[in-house]
Every structure is written in structure tokens, then in C-alpha cells.
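A structural walkthrough
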Amino acid sequence: MLTAKEEMLGYAAYSPVSSIRARMWTFSGERVDDAFFGKRLNAAIQFRERWGVFEESDAVRLVYGESDGLPGIIADRYADVIVVQLLTTGAEFWREVIIDQIQTLTGCSAVVERSDADVRRLEGLPPRSGVARGHLPAGALTIVENDLRFGVDVLGGQKTGFYLDQRHNRQIVRRLAGGREVLNGFCYTGGFTVYALAGGARSVISVDSSAEALALGAKNLSNNGLDALRNTWVEGDVFKELRAMRDRAMTFDLIVLDPPKFAPTAAQAEKAARGYKDINLLGFKLLRPGGVLVTFSCSGGISRDLFQKIIADAALDAGVNARMVELLHQAPDHPVNLRFPESAYLKGLVCAVD
Ligand code: SAH
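Throughout this document, residue positions are counted from 1 along each chain, in the order its sequence is written. Side-chain atom pairs in this predicted model are given and counted only at pLDDT of 80 or more, local residue features only at pLDDT of at least 70, and totals for whole chains, interfaces and linings cover all residues. Hydrogens and waters are ignored; side-chain quantities use all the structure's heavy atoms.

**With respect to the environment of D317**
Each helix is a run of DSSP H or I of at least 4 residues and each strand a run of E of at least 2, with the numbering of both proceeding from the N terminus. With respect to the helices and strands, the residue D317 is situated in helix α11 (residues 304-318). Here the term buried applies to any residue with accessible area under 20% of the maximum for its type, exposed to any over 50%, and partly exposed to those in between, with areas from a 1.4 Å probe on protein chains only. Residue D317 is classed as partly exposed on the basis of its relative accessible area, which comes to 44%. Sequence separation of D317 and L281 is 36 residues, and the distance between their C-alpha atoms is 6.8 Å. We call two residues in contact when some of their heavy atoms are within 4.5 Å. Not counting residues up to four positions away in its chain, the partners in contact with D317 are K277 and L281.

Below you can see the structure in the form of C-alpha cells.
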């Protein structure tokens, strides 16, 4: 790419279909070739090592797109397996090189591709998923995160299989859960449920609409030696289940709400805001005095400011006095480059009510 004055700006991947026509690989004359990818991928992995992420878990995001100078490239490590997402035309073009380099750098036994995210459509790329290199180990893949074990379905699970971005926030819930009655809304495979029970929660109700996720969740409880009787899985729509619980006058000490992206882009922000308001208003109503709401938004289209306002509105309408105690965000293997603030997508608030 050249500037208007025909000075070298850098190399970019051109996409004639996407509304983002060019994504910069470099801001210099540095060439984009095999060695370029080797260097950037290695730097991304070294960063996680320096940051001590591998000491917390053997499931780690190794490469996080623009934040690692590699737009459109995601690579997650699950024990001995790497899951790659190639989301842009440029990443697709360099597919073979990227996958080979990742395998060489990590020495993993298999590389799985999960380039089946919706955003591929915006680039005019068809979805693709499957084993790209090596062989998947027989049976379920197990990862160990903060000394807790989780089964991960890398081929059929959501995203690349597990919500790695919540690793630190799950620890916070473990700390808060002791002796409490907990509701985990949008529980997926029971991440917050396992942590809450490991932290001594008296009971948990875990709600999700995905039967497959709940089935894996049940295994996660037994694999951690947790008492399955202390948890109730509910397959259903959180919006409806929260209403039903309110109508039955149920109450909880700790509520976690971690919904899917209601607003992938700013265009859906208004509708999404209504969704967040709805579940959080109900969440506040279901809390006992002294209770805690841990609430998240992973919508790129909702800013942290707006999210806080929505939660403030929800508390007002629920008639509770709530105080923010902690502000939560994505784990450090999802760093945010200050030049690309859009990559800060996960926002969480720990709110204590009087
Ligand atoms: N907290 C989880 C991740 C949640 S992801 C963890 O730490 O692993 C969001 C989850 O919401 C997904 O599992 C999805 O199946 C579920 N979901 C989406 N819409 C839903 C709805 N209306 N009611 C219940 N669950 C829903």
C-alpha cells in the first residue's frame, strides 16, 4: 500500500468483498512471506509464555488476530491440540503456511480448523472445519484450567470449543461462591458452575439452551469429583426461565449472567440493549439482600460505558441499590492492542446489592 504521496505504507491483504478492503500485515517495507508468519506467530506464543498463562492452564489463546499483528488469525491451544480460525481473505490466502508454522512452533499432535464463524461470510468465504493436520486423540479432549478439568469438543463445540476469555473471571466466581446459592445463566458446559461448586457453593442452578453443552457439563462435574446433586441443569431459554423463577419467588445469593453476543456490531446495539436490560433486571429481582450479580457482555457493538448504563437502569427498575465492586474483562491471552481498541469485547461487572 502506498500513501497519496506514493510513499510506502506497508503490506496489506486486499479483500474486494469485505467492507474492510485492506487489512495491514505490516506498517513498513517488511515482506509478507513464510518467515514473516513464523516470526509473528512465535512472538505471539512467547508473549503468553512471558505472561505466565501456561501456568494457569493448558488451554490458552496463542494468537489473537490484530492484537498479535495477525489480522483474521485465531489459534487456541487445548492441551496437545491447536484449533485455528482463519477469518479473513488474507488469512485464507496464507492458510497452508500459517497451519504448518503453528504445528512446527507448538509441536502439537493435531491442528483442527474451525473457520466456521459467521464473520467469514462478510469476507465472502465459505465455512470450513475439520482436522487439518495430525490426528485427534481418541475420546474426549480434556484440559486443566486452574486445577479444574474440562472436556472440550473442538470439532462440534461453540467458538473453538471453550470460552477461554473467562478464565480469570471464573476464579472470581469461585472466590465469591462459598456457602452461597448460585444461579448460572447461559452456562454452556458449566464453566462457572464447576468453579462455583469447587469454591463451596451450597447449590447451583445452571441454565443453557444447548443440550450438548449441558451433557458435557454433567461430565465436567464428575471429572472434578464434584457432587452432582448440588447442581441442577436446566435446558431452556434464560429469558423464560428467569421469569418463571421470579413468578415462583425463587431467590439466590449469587447470579452469573454470561449471554452470547446480542450485538456483534453497533447496528444491533439497540435491540441488544433491551436484551441485556431484560435479563439483568430479572437478575437483580432474583437476588436476596446482600446478593451479588456477576454480569457480562461480549458484544462488540456495546461499549463498556453503555453496558454499565444498561445495568444501572436495570438496578433502578428492579428497585435495588447496587454497587460495582469489580470491573472484569477478557483474560490476558486476549490482550488489547491500544491501536485496535475494537478487540476489547468482553465487559463484566460484579455488582453487590444492599
Ligand atoms: N459462561 C460460559 C459461556 C457462555 S456462552 C462459560 O464460561 O463457558 C453463551 C451460552 O448461551 C451458550 O452456551 C449458548 O448455548 C447459550 N444460549 C444462547 N442463547 C440462549 C438463551 N436464550 N437461553 C439459554 N441459553 C442460551
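**A few points about empty space enclosed by the protein**
Taking a probe equal in size to a water molecule and rolling it over the atoms shows the remaining empty space. Both site types are read off a 1 Å grid over the protein atoms alone. A 1.4 Å probe that fits but cannot get out defines a cavity, while an open set with protein on both sides within 12 Å along at least five of seven lines defines a pocket; lining residues have an atom within 4 Å of a point. Grid points are joined across faces, edges and corners, and a volume is the space filled by probe spheres set on the points. What the rule picks out here adds up to 1 cavity of 30 Å³ or more. Estimated volume of the largest cavity: approximately 30 Å³. Looking at the largest cavity, the residues that line it are A13, S15, I20, R21, A22, R23, T88, T89, G90 and E123. Taken together, the elements giving at least two residues each to the lining of the largest cavity come down to β2 (22-24) and α3 (89-93). Grouping the amino acids of the lining of the largest cavity by side-chain chemistry returns 3 nonpolar, 4 polar and 3 charged. Nonpolar residues are Ala, Val, Leu, Ile, Met, Phe, Trp, Tyr, Cys and Pro. Charged residues are Asp, Glu, Lys and Arg, and all others, Gly as well, are polar.

**Digging into the sheet that holds strand β14 (residues 287-297)**
In a beta sheet, neighbouring strands pair by backbone hydrogen bonds and run either parallel or antiparallel. If you trace the 7 strands from one edge of the open sheet to the other, you get β12-β11-β10-β13-β14-β16-β15, paired in mixed fashion. Two strands close off the open sheet at either side, each with one partner strand: β12 (231-235) and β15 (322-329). Averaged over all adjacent pairs, the angle separating strand axes in this sheet is 15°, with direction ignored. Relative to strand β16 (residues 347-353), β15 runs antiparallel, the two sharing 7 bridges. Paired with L328 across the two strands is G348, which belongs to β16. Note on method: axes are straight lines fitted to C-alpha atoms, helices fitted across the in-contact stretch only, with angles between N-to-C directions ranging 0 to 180 degrees. Helix-sheet contacts for helix α9 (residues 238-247) involve β10 (181-185), β11 (203-208), β12 and β13 (252-257), and the interaxial angle to β11 is about 140°. Those strands touched by α11 are β14, β15 and β16, and its axis lies near 25° from that of β16. DSSP-based pairing: two strands are paired if at least 2 bridges between them are found.

**Some points on the pattern of salt bridges**
Any carboxyl oxygen of Asp or Glu within 4 Å of a side-chain nitrogen of Lys or Arg constitutes a salt bridge here. In the structure shown here, the tally under the stated rule is 30 salt bridges. Among the charged side chains, a salt-bridge network with shared partners connects E92, R95, E96, D100, E113, R120, R128 and R133.

**Considering the packing of aromatic side chains**
Working definition: rings of Phe, Tyr and Trp (its six-membered ring) pair if their centres are within 6.5 Å, and the pair is stacked with planes under 30 degrees apart, edge-to-face with planes over 60 apart, and tilted otherwise. Summed over all chains, the structure comprises 14 aromatic pairs. Taking the centre distance of 5.1 Å and the plane angle of 45° together, the rings of F150 and F162 count as tilted. On the criterion of sequence distance, the pair formed by F150 in strand β9 (residues 148-152) and F162 in the loop between β9 and α6 (167-176) is long-range, its members being 12 residues apart. Residue F162 is classed as buried on the basis of its relative accessible area of 3%. In this structure an aromatic cluster arises from ring pairing among W25, F36, F37, F93 and W94.

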